[in-house]
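The residues making up each chain are set out below.
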Amino acid sequence: MSRSSQGRGRSNPKQSRKDVSEAEITTDVVVVGAGVSGAFMAHALAKRFGKVVVVDRRPPAHGSTMASTAMLQFEIDTPLTELCEKIGSSKAARAWRRSWRATQSIAKLVDDERIRCGLRRADSLYLAGDSMGSRGLEKEIKARHRAGLPGEYLDARRLREIFAIDRTGAIFSPGAASADPVALTQGLLRSAVREGVSLYSPVEITNVMATPHGVILDTGKHFIEAKHAVFCTGYELLKGLPRKGTKITSSWAIASRPHAKRPRWLANTLVWEAADPYLYMRTTPDGRLIVGGEDEDIDLPSYRARSMAHKTARLIAKAKKLIPGMEFSLSRQWTGAFGESDDGLPIIDRVPDMPNCIAVMGFGGNGTIYSKIASEIVPTLLRGRPDKDADIFRFR
Ligand SMILES: Cc1cc2nc3c(=O)[nH]c(=O)nc-3n(C[C@H](O)[C@H](O)[C@H](O)COP(=O)(O)OP(=O)(O)OC[C@H]3O[C@@H](n4cnc5c(N)ncnc54)[C@H](O)[C@@H]3O)c2cc1C
């Protein structure tokens, strides 16, 4: 290994991208992936480690981060009552509380770093659906309250009065937000680069070799030698990683033209439902409606593309049925791979047999929150210190 490279305070991640063929790299930590997970990670590691390098085979934020509708919710896809049954009530409550804290800390971080990503604080409305009715939601809100989490149960009458929505019940919670995921990622990377992180793209990691004191990553042309590697490769999972209890599915989303006709409350409320597949929606600062869902257990890009028109029609019809009087004039439609785990939790753990490598796999509808949690846990793990919640996010 020869020369080491270090960012020199340039503020634009595009301008600071380099060609790795210029030099081989030696570093303390290499982060693979410059999506929102890699960006939170780089930002968190920047101040704690001397040399941090981020590599990506695409430009930053061009993976699943680009497809994200960026509803930032502490509410995990797996209801707390269900998660209690799966992993025990103590761990489940810790997972939900950690998710709450991470959601609040994203908003604070964005404020502190003055990242211009259109972040807006919002409430969340979780509607009864075919996988959980009003009685289930009543139990769910009690479990959340026992875990110290906020929120209020609305019965069918109050739901109709306040939101004109016809469902058997809902949970209304504070503490959510929405943002532009690409701008958030770029802002975090810019800030990390200012702190001395080096960003290289396009650089593809083709092979990973563990050494007694670190790891060597092969880019096909050159090697990167690091004490630690953190893999934030999203759903493009590393070969050889255990995948038990996880699957890659497909999801679709659409956006309307700006200034769409919709009820006023929707401007600061994220809506989703206890259904499978679930429908969700939010608005943007320029008044577009974003609607997503229709997930299917199939991971085929050609199927995703082929189904676009049909899925778009279904999303529009479902959204209009849910919110009477809403108008939806289609502006954009897109689709992407989506990672799910049996318990709705991410994996943030050392890679088996590769002690200097950590994998971050942020499954679920609140993957961005998991990216933030990973950026809190991983620096602690790298320093050999315990994180009190790390046990919840191990390979299962
Ligand atoms: C339609 C849709 C809607 C969504 N909506 C939401 C939402 O509302 N809220 C929410 O929180 N989450 C949502 N998500 C999930 C969210 O998009 C993901 O949790 C998040 O973007 C994952 O970010 P990441 O950085 O881990 O992965 P990615 O953004 O996919 O980044 C991984 C990066 O790793 C790079 N990479 C992979 N392998 C290599 C390699 N070998 N060498 C070099 N680079 C490599 C890729 O090029 C990529 O840039 C949604 C997802 C989809 C598809």
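Residues numbered from 1 in each chain as written. Predicted model: local features only at pLDDT ≥ 70, side-chain atom pairs only at ≥ 80, totals over all residues. Heavy atoms only, no water.

### A word on the site of the ligand
Inspection of the region around the ligand gives 33 residues, with S37, D56, T65, T69 and T368 positioned closest. Note that an oxygen atom of the ligand is positioned 3.1 Å from one of the backbone N or O atoms of V36. At a separation of 3.5 Å, an oxygen atom of the ligand approaches a polar side-chain atom of Y235. For the ligand, the protein covers 97% of the area, taking 1000 Å² as the surface of the free molecule. Put simply, the parts of the chain that give the shell around the ligand at least two residues each are α1 (36–46), β15 (330–341) and α9 (367–382). Broken down by element, the shell around the ligand gets its largest block of residues, three residues, from β15. Split by residue class, the shell around the ligand holds 12 nonpolar, 16 polar and five charged. (Near = heavy atom within 4 Å. Polar contact = N/O pair within 3.5 Å; in protein donor to acceptor, adjacent residues only side chain to side chain. Areas by Shrake-Rupley, 256 points an atom, 1.4 Å probe, with all protein chains shown as cover. Helix = DSSP H or I, 4+ residues; strand = E, 2+ residues; numbered from the N terminus. Nonpolar A, V, L, I, M, F, W, Y, C, P; charged D, E, K, R; others polar.)

### Here we look at the pairing of strand β11 (residues 246–256)
Counting buried residues along β11, 10 of its 11 residues qualify, which places the element largely inside the surrounding structure. Pairing of β11 with β15 involves 11 bridges; the strand directions are antiparallel. Opposite I248, over in β15, you have G339 as the bridge partner. Summarising the sheet, β11 and strand β14 (residues 289–296) pair through five bridges and their orientation is antiparallel. Residue pairing for β14: S250 is matched across the bridge by E296. (Buried < 20%, exposed > 50% of the residue type's maximum accessible area, 1.4 Å probe, protein only. Pairing = 2+ DSSP bridges.)

### Re the packing of helix α2 (residues 80–87) against helix α3 (residues 89–113)
Taken N-terminus to C-terminus, the directions of α2 and α3 make an angle of 135°; their axes are 7 Å apart at the nearest point. Between α2 and α3, the angle is such that the two are oblique. α2 and α3 meet at a crossing whose hand is right-handed. For the pair α2 and α3, contact is made by L80, L83, C84 and I87 and by S89, K91, A92, A93, A95 and W96, respectively. Considered class by class, the residues forming the contact of α2 with α3 number eight nonpolar, one polar and one charged. (Axes fitted to C-alpha atoms, helices over the stretch in contact; angles between N-to-C directions. Parallel < 35°, antiparallel > 145°, perpendicular 65-115°, else oblique. Left-handed = near helix turned anticlockwise from the far one by under 90°. Contact = heavy atoms within 4.5 Å.)

### Quick notes on the environment of A313
Its place among the elements puts A313 in helix α8 (residues 308–322). For the pair A313 and L330, spaced 17 residues apart in sequence, the C-alpha separation works out to 9.9 Å.

### Considerations on the confidence of the model for the protein chain
In low-pLDDT regions, the fine details of the predicted coordinates are not to be read closely. Predicted confidence across the protein chain gives a mean pLDDT of 92, with 94% of residues reaching 70 or more. Low pLDDT, under 50, characterises residues 1–16; the predicted model gives this stretch 43 contacts beyond four residues in sequence or across chains. (pLDDT = per-residue confidence, 0-100.)

### Examining a positive patch on the surface
Where like charges cluster on the molecular surface, the positive patch consists of R135, K139, K142 and R146. Note that R135 resides in helix α4 (residues 134–146). With relative accessibility at 70%, the residue R135 sits in the exposed group. (Patch = residues over 30% accessible without salt bridge, like charges linked within 9 Å, V, L, I, M, F, W, Y side chains within 5 Å. Salt bridge = Lys/Arg side-chain N within 4 Å of Asp/Glu carboxyl O. Lys, Arg positive; Asp, Glu negative; His and termini not counted. Charge placed at Lys NZ, Arg CZ, Asp CG, Glu CD.)

### With respect to the pattern of salt bridges
Where charged atoms of side chains with opposite charge meet at close range, the side chains can pair. Summed over the entire model, instances satisfying the criterion amount to 29 salt bridges. The salt bridge partner of D297 is K247, with a shortest N-O separation of 3.1 Å. With D297 in the loop between β14 and α7 (301–306) and K247 in strand β11, this pair connects stretches of sequence that are 50 residues apart. By relative accessible area, D297 is classed as exposed at 58%. Of the charged contacts in the structure, one is a salt bridge between R314 and E294, with a shortest N-O distance of 3.0 Å.

### Focus on the environment of L83
On the secondary structure map, L83 appears in helix α2. Taking the C-alpha atoms as reference points, L83 and W96, separated by 13 residues in sequence, lie 9.3 Å from one another. Residues within four places of L83 in sequence aside, it is in contact with T78, G88, A92, A95, W96, D343 and L345.

### Observations regarding the nonpolar core
In this structure, M41 and L119 are the most contacted members of the largest nonpolar core, which totals 60 residues. Residue assignment for this core shows that the elements contributing at least two residues are β1 (25–32), α1, β2 (52–55), α2, α3, α6 (181–194), β17 (354–361) and α9. Top element by residues in this core is α3. It accounts for nine residues. When residues no more than four places from it in sequence are discounted, the contact partners of L119 are L72, I106, A107, V110, A177, S178 and A179. (Core = buried A, V, L, I, M, F, W, Y, C linked by side-chain atoms within 4.5 Å.)

### Some details on the packing of aromatic side chains
The final tally for this structure, using the stated rule, is nine aromatic pairs. Residues F74 and W96 carry aromatic rings whose centres are separated by 6.1 Å and whose planes lie at 80° to one another, so their mutual orientation is edge-to-face. On the criterion of sequence distance, the pair formed by F74 in the loop between β3 (71–72) and α2 and W96 in helix α3 is long-range, its members being 22 residues apart. In this pair, the class of F74 matches that of W96, namely buried. Here Y278 and Y280 contribute two aromatic rings whose centre-to-centre distance is 6.1 Å and whose plane-to-plane angle is 65°, an arrangement assigned as edge-to-face. Comparing Y278 with Y280 shows no difference in burial state: the two are buried. Taken together, Y126, W272, Y278 and Y280 form an aromatic cluster joined through their ring pairs. Taking the ring centre of W252 as reference, the NZ or CZ of K311 above it sits at 4.6 Å. One Lys or Arg, R383, reaches over the ring of F49 and ends 4.5 Å from the middle of that ring. (Phe/Tyr/Trp six-rings, centres within 6.5 Å; stacked < 30°, edge-to-face > 60°. Lys NZ or Arg CZ within 6 Å of the ring centre and 35° of its normal.)

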